[in-house]
Amino acid sequence: MSKKFLFTSESVTEGHPDKVCDQISDAILDEFLMLDSTARVAAETTATTGMVLVCGEITSSCYVDIPKVVRNTIKNIGYEGTSGGGFDYNTCSVLTSIDEQSSDIAGGVNKSLESRNELSDTSVDETSNIGAGDQGIMFGFACNETPELMPLPISLAHKLSYRLAQVRKEGKLNYLRPDGKSQVTVEYVNGKPSRIDTILISTQHAPEINGITDNAEIQRIIYNDLKKYVIDYVFETESVKLDETTKILINPSGRFVIGGPQGDTGLTGRKIIVDTYGGYSRHGGGAFSGKDPTKVDRSAAYAARYVAKNIVASGLAEKCEIELAYAIGVAEPVSIMVDTFGTSKIAEEEIEMLVRKHFDLRPASIISQFDLRNLPAKNGGKFYQRLAAYGHMGRTDLIVPWEITDKADLLKKESELMMSAL
């Protein structure tokens, strides 16, 4: 008997108030790392009607005009003049409250416990043997449902949100405003995506379209336009198609004129499920945006994705989840867990052995391998800000080092040797 279930994931556009804050925090990070690649940054942002507040701890030898970064980010998102729907980059107030990183935290990060106990490899430069910036658990995940090895629901939700912003910015649907959300429900049969059950899009819009003020007519126009230019466009190249029973819901609240920070207060780090796997995998709870690479909430989550993706790309498993745990000031993870949900070709204990052998998961090694401190400079000054909307994992529009499957062949070869030895 076949087993069916529905699974739903959501995404949001770059104009969603929480995503506005994520992008501001990461734009600040980009700017500091451009000027000082060793800067320690923990920038938190909140935005509400007419105001943005940036607070946190930043230690750097360089000065950054934070209000200018904030305003430019808001402008690029699209909150400008009447098109901003009540929130404007030029007239909102920008408040800052920034302190330096705690010396207690810095001491543990600058030199790991292993270094302080003289247990580390003396051939490793002391400045590279840093400790984790905090304790915590991080998860990475991959599965073979999509070419980018991401779960299908979150992959589709991101594509819809991205396209929604694209048609707005290109002027194809110039009545759209920056705030928006998407949600996709996929029906699974025996663990595999079978059909699309529901598509939901909510988009901020102008109070009138081409002189039309009747809301019922406005919503009809929006429905037809989004079906044609967003939904049909995205699914034209998808292997799992819409069918006659797929439910399509567009602006089900009936009207969405007041949006962005005017409609809801935004906050950095409040879309961690959107940023990762859409709820399909577990999450350690730590946010990414506004944090420099010494914060393992960010760097180790990227590393865990890298490990999981290489395992799936090697053919060792159809899906794989990696959990890493760290202690503040300690370089080596305190634990590594591998879960393949019964899809692996060899024992999970053997996969864990391969992970420990071929992946260096110390913070300094992660930073070095992915060149996390220099990614803004390599990408015209805007890397983390661009990463802050439409997901940190599975990106195909950016060159993202943790998405590379350069160890898949090695893992495949070693696993074959293990199986032949049985």
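Anyway, here's the lowdown on the structure attached to this text. Keep in mind the model is a prediction, meaning the values are calculated, not measured.

**Topic: the overall build of the chain**
Stage number 1. Across its full length, the chain carries 14 helices and 11 strands.
Stage number 2. Compactness check: the chain gives a C-alpha radius of gyration of 23 Å against a globular reference of 22 Å for 422 residues, within 12% of the reference.
Stage number 3. Judged by the C-alpha coordinates and their principal axes, the chain covers about 70 × 60 × 30 Å.
Stage number 4. Among the 422 residues that make up the chain, the fraction classed as buried is 55%.
Stage number 5. In the chain, of all internal contacts separated by at least 6 residues, the share reaching a separation of at least 24 is 72%.
Stage number 6. As displayed, the chain has an accessible area near 17900 Å², and 50% of this comes from carbon and sulfur atoms.
Stage number 7. Distance from the positive charge centre (45 side chains) to the negative charge centre (58 side chains) of the chain: 5 Å.

**Here we look at the sheet that holds strand 9 (residues 266-267)**
Stage number 1. The 4 strands are arranged 4-3-2-9 in an open sheet whose pairing can be described as mixed. Two strands lie at the open edges of the sheet, namely strand 4 (93-99) and strand 9, each paired on one side alone.
Stage number 2. In this sheet, strand 4 lies alongside strand 3 (residues 51-59) in parallel orientation, the contact comprising 7 bridges. Bridge pairing links E57 to D99 in strand 4.
Stage number 3. Here helix 1 (residues 17-35) sits on the sheet and contacts strand 2 (40-48), strand 3 and strand 9; the angle it forms with strand 2, its principal contact strand, is near 150 degrees.
Stage number 4. Sheet contacts for helix 2 (residues 66-77): strand 3 and strand 4; angle to strand 4, the most-contacted strand, approximately 130 degrees.

**A look at the sheet that holds strand 8 (residues 247-250)**
Stage number 1. Read from one edge to the other, the open sheet built from 4 strands follows the order 1-6-7-8, with strand pairing classed as mixed. One side of each edge strand has no neighbouring strand; the edge strands of this open sheet are strand 1 (4-12) and strand 8. Sheet twist, expressed as the mean angle between neighbouring strand axes with direction ignored, is 15 degrees.
Stage number 2. When strand 7 (residues 192-205) meets strand 8, the two strands line up parallel, connected through 4 bridges. Note on strand 8: the bridge partner recorded for I201 is I250.
Stage number 3. Across the sheet, helix 5 (residues 152-169) lies against strand 1, strand 6 (176-189) and strand 7, angled at about 155 degrees from strand 6, the strand it touches most.
Stage number 4. Where helix 6 (residues 215-235) meets the sheet, it contacts strand 6, strand 7 and strand 8, and its direction lies at approximately 135 degrees from that of strand 7.

**What to know about the layout of surface pockets**
Stage number 1. As a volume, the largest pocket reaches approximately 430 Å³.
Stage number 2. S155, H158, K159, Y162 and T396 are, among the 19 residues lining the largest pocket, the residues nearest its centre.
Stage number 3. Mapped by element, the contributors of at least two residues to the lining of the largest pocket are helix 5 and helix 6.
Stage number 4. In terms of residue count, the dominant contributor to the lining of the largest pocket is helix 5 (7 residues).
Stage number 5. Its residues assigned to classes, the lining of the largest pocket comprises 7 nonpolar, 6 polar and 6 charged.
Stage number 6. Each pocket or cavity is described by its volume, and for the second largest pocket that value is around 370 Å³.
Stage number 7. Lining the second largest pocket are 16 residues, with E14, Y162, K169, R386 and Y390 sitting closest to its centre.
Stage number 8. Top element by residues in the lining of the second largest pocket is helix 5. It accounts for 4 residues.
Stage number 9. Residues of the lining of the second largest pocket, tallied by class, amount to 5 nonpolar, 5 polar and 6 charged.

**Concerning helix 11 (residues 363-370)**
Helical geometry note: an α-helix holds 3.6 residues per turn, so side chains three or four residues apart project in the same direction.
Stage number 1. Burial of helix 11 is extensive: 6 of the 8 residues sit out of reach of the surface.
Stage number 2. Along helix 11, the residues that are buried comprise P363, A364, S365, I366, I367 and F370.
Stage number 3. Taken together, the buried residues of helix 11 touch helix 9 (296-313), strand 10 (319-326) and helix 12 (375-378).
Stage number 4. D371 sits one or two residues past helix 11 and shows a positive phi near 55 degrees.

**Some details on the pattern of salt bridges**
Stage number 1. A complete count under the given rule lists 26 salt bridges for this structure.
Stage number 2. Across the pair R195 and D243 runs a salt bridge, and its minimum N-O distance is 2.9 Å. Remark: D243 occurs in the loop between helix 6 and strand 8 and R195 occurs in strand 7; sequence separation between them is 48 residues.
Stage number 3. Note that E321 and R282 form a salt bridge whose closest N and O atoms lie 2.5 Å from each other. A residue pair is termed long-range when its members are at least 10 positions apart, and E321 in strand 10 and R282 in the loop between helix 8 (272-275) and helix 9 qualify at 39 residues.
Stage number 4. Classification of R282 as partly exposed rests on a relative accessible area of 43%.
Stage number 5. Put simply, E187, R195, D197, D243 and K247 are held in one network by salt bridges that share partners.

Criteria and cut-off values
Residues numbered from 1 in each chain as written. Predicted model: local features only at pLDDT ≥ 70, side-chain atom pairs only at ≥ 80, totals over all residues. Heavy atoms only, no water. Helix = DSSP H or I, 4+ residues; strand = E, 2+ residues; numbered from the N terminus. Rg over C-alpha atoms; globule rule 2.2 N^0.38 Å. Buried < 20%, exposed > 50% of the residue type's maximum accessible area, 1.4 Å probe, protein only. Contact = heavy atoms within 4.5 Å. Areas by Shrake-Rupley, 256 points an atom, 1.4 Å probe, with all protein chains shown as cover. Lys, Arg positive; Asp, Glu negative; His and termini not counted. Charge placed at Lys NZ, Arg CZ, Asp CG, Glu CD. Pairing = 2+ DSSP bridges. Axes fitted to C-alpha atoms, helices over the stretch in contact; angles between N-to-C directions. 1 Å grid on protein atoms, 1.4 Å probe; cavity = no way out; pocket = protein on both sides within 12 Å on 5 of 7 lines; lining within 4 Å. Points joined across faces, edges and corners; volume = space filled by probe spheres on them. Nonpolar A, V, L, I, M, F, W, Y, C, P; charged D, E, K, R; others polar. Salt bridge = Lys/Arg side-chain N within 4 Å of Asp/Glu carboxyl O.

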